[in-house]
Amino acid sequence: SQTIHQWPATLVQPVGSPLSLECTVEGTSNPNLYWYRQAAGRGLQLLFYSVGIGQISSEVPQNLSASRPQDRQFILSSKKLLLSDSGFYLCAWSPLAGSTDTQYFGPGTRLTVL
Amino acid sequence: RKEVEQDPGPFNVPEGATVAFNCTYSNSASQSFFWYRQDCRKEPKLLMSVYSSGNEDGRFTAQLNRASQYISLLIRDSKLSDSATYLCVVHEQTGGFKTIFGAGTRLFVKA
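Note that this is a predicted model, so its numbers are computed, not measured.

A. Examining the pairing of strand S8 (residues 73-78) of chain A more closely. Residues and elements named next belong to chain A. With respect to burial, S8 is a largely interior element, five of its six residues being buried. With six bridges connecting them, strand S3 (residues 19-26) and S8 associate as antiparallel partners. Bridge pairing in S8 links Leu19 to Ser78. One ladder, built from five bridges, connects strand S7 (residues 64-70) with S8; its direction is antiparallel. Paired with Ser65 across the strands is Ser77, a residue of S8. In textbook terms, the turn of a hairpin is the stretch between consecutive antiparallel strands, and for S7 and S8 this stretch comprises two residues.

B. Summary view of the side chain of Ser78 of chain B. Residue and element names in this part refer to chain B. Here Ser78 lies in the loop between strand S8 (70-75) and strand S9 (84-92). Using a relative accessible area of 1% as the deciding quantity, one classes Ser78 as buried. Polar side-chain contacts of Ser78 include one of 2.7 Å to the backbone oxygen of Ala17. Residue contacts for Ser78: discarding those within four places in its chain leaves Val13, Pro14, Glu15, Gly16, Ala17, Val19, Arg59 and Val109.

C. Molecular detail of the sheet that holds S3 of chain A. All names here are of chain A. One open sheet accounts for four strands, arranged S1-S3-S8-S7; its pairing is antiparallel. In this open sheet, the two strands that pair with only one neighbour each are strand S1 (3-7) and S7. Here the strands of the sheet are splayed against their neighbours by 20 degrees on average, with no regard to which way each runs.

About the thresholds
- Residues numbered from 1 in each chain as written.
- Chains lettered and ligands numbered in written order.
- Predicted model: local features only at pLDDT ≥ 70, side-chain atom pairs only at ≥ 80, totals over all residues.
- Heavy atoms only, no water.
- Buried < 20%, exposed > 50% of the residue type's maximum accessible area, 1.4 Å probe, protein only.
- Helix = DSSP H or I, 4+ residues; strand = E, 2+ residues; numbered from the N terminus.
- Pairing = 2+ DSSP bridges.
- Polar contact = N/O pair within 3.5 Å; in protein donor to acceptor, adjacent residues only side chain to side chain.
- Contact = heavy atoms within 4.5 Å.
- Axes fitted to C-alpha atoms, helices over the stretch in contact; angles between N-to-C directions.

Remember, this is a structural readout, not a statement about activity or role.
As structure tokens, this is what we get:
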């Protein structure tokens, strides 16, 4: 069966510090991968998605970036965090590129920027 | 107009009650629809897909009305464990693909 991992689970970082969040998927090949952010009391905002290694599409301009160095690894990064980057970061995967298949979420990383 | 709109609630209902949520979407070309459930401080989890003919899974019934561009979720015989936020999700495929999450409807079921 497929599983998706994210770490760390929680993170507190000062403004201006760098960020690296990691997501890995097991039990499947060639998944679509997604990064979402959920601000407190708000809906999910799609940040990035990837249909393959090295292929990243950005949905919202921001100071974040994403990379996919391996088929089942997706990394979210920032060189300098802002207060507004605080939120709940969720990685998700779906089995087929551009399909109507559902997305499955990892446990998330709760980021607080102080 | 938001692409996907939900009443944020909260809906406060007693155990055993029937409760219904609606969700409207703006793009008539939307292709597939889902309901997710999100518990406090947890990740969203798929509750059910929504099919054109409507579908049922135990106490949960989902309906799609393409003409009026809304989907609904009906929960019968509410349980305390149904307390959560219910997210409406719409998937579009026009050019690329796009999945849009509603902000969610909060449900509290009380004894």
